[in-house]
Amino acid sequence: MSATPPFPPTHAAALAALHRFVPEAGARYATRRNFDLGPGRHHAVSQLSPYLRHRVLTEEEVLHAVLARHSQETADKFIQEVFWRTYWKGWLELRPSIWQSYRSQLLRQIDRVQSEGGLRQRWQAACTGETGLDCFDTWAQELGRTGYLHNHARMWFASIWIFTLQLPWELGADFFLRHLLDGDPASNTLSWLWVAGLQTRGKAYVAQPDNIARFTEGRFTPAHDELNTAAAPLDGPPPPPPLSPPAGGRMEADLPTLFVLHEDDLSPGWLLDQGLRPAGTALLTSGA
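Since we're looking at a predicted model, the values are computed, not measured.

## Quick notes on the overall build of the protein chain
Helices and strands together make up the secondary structure of the protein chain, namely 13 helices and 2 strands. The C-alpha radius of gyration computed for the protein chain amounts to 20 Å, which stays within 12% of the reference 19 Å derived for 288 residues, consistent with globular compactness. When its C-alpha atoms are laid out on the principal axes, the protein chain stretches across 65 × 45 × 40 Å. If you take every contact in the protein chain between residues at least 6 apart in sequence, the share linking residues at least 24 apart comes to 67%. Across the protein chain, the centroid of the 26 positively charged side chains sits 1 Å from that of the 30 negatively charged ones.

## Some words on the environment of Gly38
Inspection of the secondary structure assignment puts Gly38 in the loop between α2 (27–32) and α3 (49–53). Residue classification places Gly38 among the buried residues on the basis of a relative accessible area of 2%. On a C-alpha basis, the gap between Gly38 and Ala230 in space is 27 Å, while along the polypeptide they are 192 residues apart.

## Focus on the pairing of strand β2 (residues 280–284)
The buried count for β2 comes to 0 of 5 residues, which makes it a mostly uncovered element. Judged from the 5 bridges that link them, strand β1 (residues 258–262) and β2 form a sheet pairing that is parallel. The partner of Val260 across the bridge, within β2, is Ala282.

## Focus on helix α10 (residues 169–179)
Judged by how many residues are buried, α10 sits mostly within the fold: 8 of 11 residues are covered. The complete set of buried residues in α10 reads Trp169, Glu170, Leu171, Gly172, Ala173, Asp174, Phe175 and Phe176. As for α10, its buried residues are in contact with α6 (96–115), α7 (117–128), α8 (134–146), α9 (151–164) and α11 (185–196).

## Here's the deal with the nonpolar core
By size, the foremost hydrophobic cluster in this structure holds 50 residues, and its most contacted members are Trp139, Phe157, Ile160, Trp161 and Trp192. When contributions to this core are tallied by element, the ones reaching two or more residues are α5 (76–93), α6, α7, α8, α9, α10, α11 and α12 (209–215). It is α9 that provides the largest number of residues to this core, a total of 8 residues. The residues touching Ile160, leaving out its near neighbours within four places in the chain, are Leu133, Cys135, Phe136, Trp139, Leu165, Gln166, Ala207 and Leu227. The next biggest cluster of nonpolar side chains, apart from the first, holds 23 residues, and it includes Ala17, Leu18, Val45 and Leu63.

## Quick notes on α8
Look at α8: 18 Å from first C-alpha to last across 13 residues, which is about the 18 Å you get at 1.5 Å a residue. Taken together, the buried positions of α8 are occupied by Cys135, Phe136, Asp137, Trp139, Ala140, Glu142, Leu143 and Thr146. On its buried face, α8 sits against α7, α9, α10 and α12. Downstream of α8 by one or two residues, Gly147 has phi in the positive range, about 75°.

## With respect to the environment of Val45
You can see Val45 is positioned in the loop between α2 and α3. The spacing of Val45 and Arg28 is 17 residues in sequence and 9.0 Å in space, taken between C-alpha atoms. In contact with Val45, other than residues within four places in its own chain, are Phe21, Tyr29, Arg33, Tyr148 and His150.

## Some remarks on the pattern of salt bridges
Overall, the coordinates contain 11 salt bridges when judged by the stated rule. Residue Arg55 is joined to Glu59 by a salt bridge in which the shortest nitrogen-to-oxygen separation is 3.6 Å. For Arg178, the salt bridge goes to Asp174, with nearest N and O atoms at 2.8 Å. With Arg178 and Asp174 both in helix α10 and 4 residues apart, this pair spans about one turn of that helix. Arg178 sits in the exposed class, given a relative accessible area of 61%.

## So, the packing of α9 against α10
Where α9 contacts α10, the axes come no closer than 9 Å and their chain directions differ by 145°. The crossing of α9 and α10 is right-handed. Residue-level inspection shows Arg154, Phe157, Trp161 and Ile162 of α9 in contact with α10, the latter providing Trp169, Leu171, Gly172, Phe175 and Phe176. Here the residues of the contact of α9 with α10 are counted per class, giving 7 nonpolar, 1 polar and 1 charged.

Quick notes on the rules
- Residues numbered from 1 in each chain as written.
- Predicted model: local features only at pLDDT ≥ 70, side-chain atom pairs only at ≥ 80, totals over all residues.
- Heavy atoms only, no water.
- Helix = DSSP H or I, 4+ residues; strand = E, 2+ residues; numbered from the N terminus.
- Rg over C-alpha atoms; globule rule 2.2 N^0.38 Å.
- Contact = heavy atoms within 4.5 Å.
- Lys, Arg positive; Asp, Glu negative; His and termini not counted.
- Charge placed at Lys NZ, Arg CZ, Asp CG, Glu CD.
- Buried < 20%, exposed > 50% of the residue type's maximum accessible area, 1.4 Å probe, protein only.
- Pairing = 2+ DSSP bridges.
- Core = buried A, V, L, I, M, F, W, Y, C linked by side-chain atoms within 4.5 Å.
- Expected span 1.5 Å × (residues − 1).
- Salt bridge = Lys/Arg side-chain N within 4 Å of Asp/Glu carboxyl O.
- Axes fitted to C-alpha atoms, helices over the stretch in contact; angles between N-to-C directions.
- Left-handed = near helix turned anticlockwise from the far one by under 90°.
- Nonpolar A, V, L, I, M, F, W, Y, C, P; charged D, E, K, R; others polar.

Next comes the structure, spelled out in C-alpha cells:
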C-alpha cells in the first residue's frame, strides 16, 4: 500500500481536490462520469465524496465553487449528484426502521456465515477478490486498497454480489460500509436496496457485460454466461411511510456549552458564526 493516502484527511487537501475538479464539473462530467477507467484515472468524476461524507467540505462550498465557473445548466448533472447524498439522508431519517431492519438482518446473515460453510467460502472469496470474475475481483481489491470505488463500479459490484454470486445484500452493504471512505448509513443502505429492487419496487439493477465493457473502455469484457443477466428483483416488504420531520434544535449561545465534534460533521463553523463559544470541545470518533 502507498504511504500516501489517496484522500489526505485535511481541509487543505479537500480544497485542493475541489480546485482540481471544478474545471471538469460541466460538460466533461456530464459525458464522462459513467466511465470507470481504474485507479488514478477517475478524472471525470469529482472524488470529493469522502470529504463531503464527513463534511470536511460542505455541499454549499462545492456548489459555490462549481457555479462560480459554470452555469447551472452546464453543471446540472453534477449538481444533481451532489444533492443525491442529502436526499438519501433525509429519506432514511424519516424511515429509521429501514436502518434498524438492516442491522437486525445483518446479524442474522453474519450468524449464517459462521454456521454455513458454503456461504462462508463464497462470502470470503467475494470480500478478498477471489471469485474468478476478473472485473468483480479487481473492484473488491481496489476498494480494500484505496477505500474508494467509482460509482458505476459500485452498481456493477452490488449487482454481481446479489444476482450472480447470490450473496445476501446485507453482507455486501456491510462490506462497503466497512471499506468506503465515503460510506454512510443512508446512501450505502438505500443504494444496495435500490440495486436489489427493494427500494424502487420491482426494478432491480442488473449488471450487463456489454455495459461493463463499454464504460470500462474494454478494461473488462465479461462473457455473457459469467453474469446472471436475467435476474428478478428480490422480494421484500415495501418501504414504510415517512414519519413527521423532526423539529429543529434551538441554540442558546449564552449558556455554558460543551461542544462535541464527531466524524459525521467536521464543519462546525456555522455554529460559531451564530455566536456559540463553547467552554470546552470534545472529539467523538467511532474508532478503528
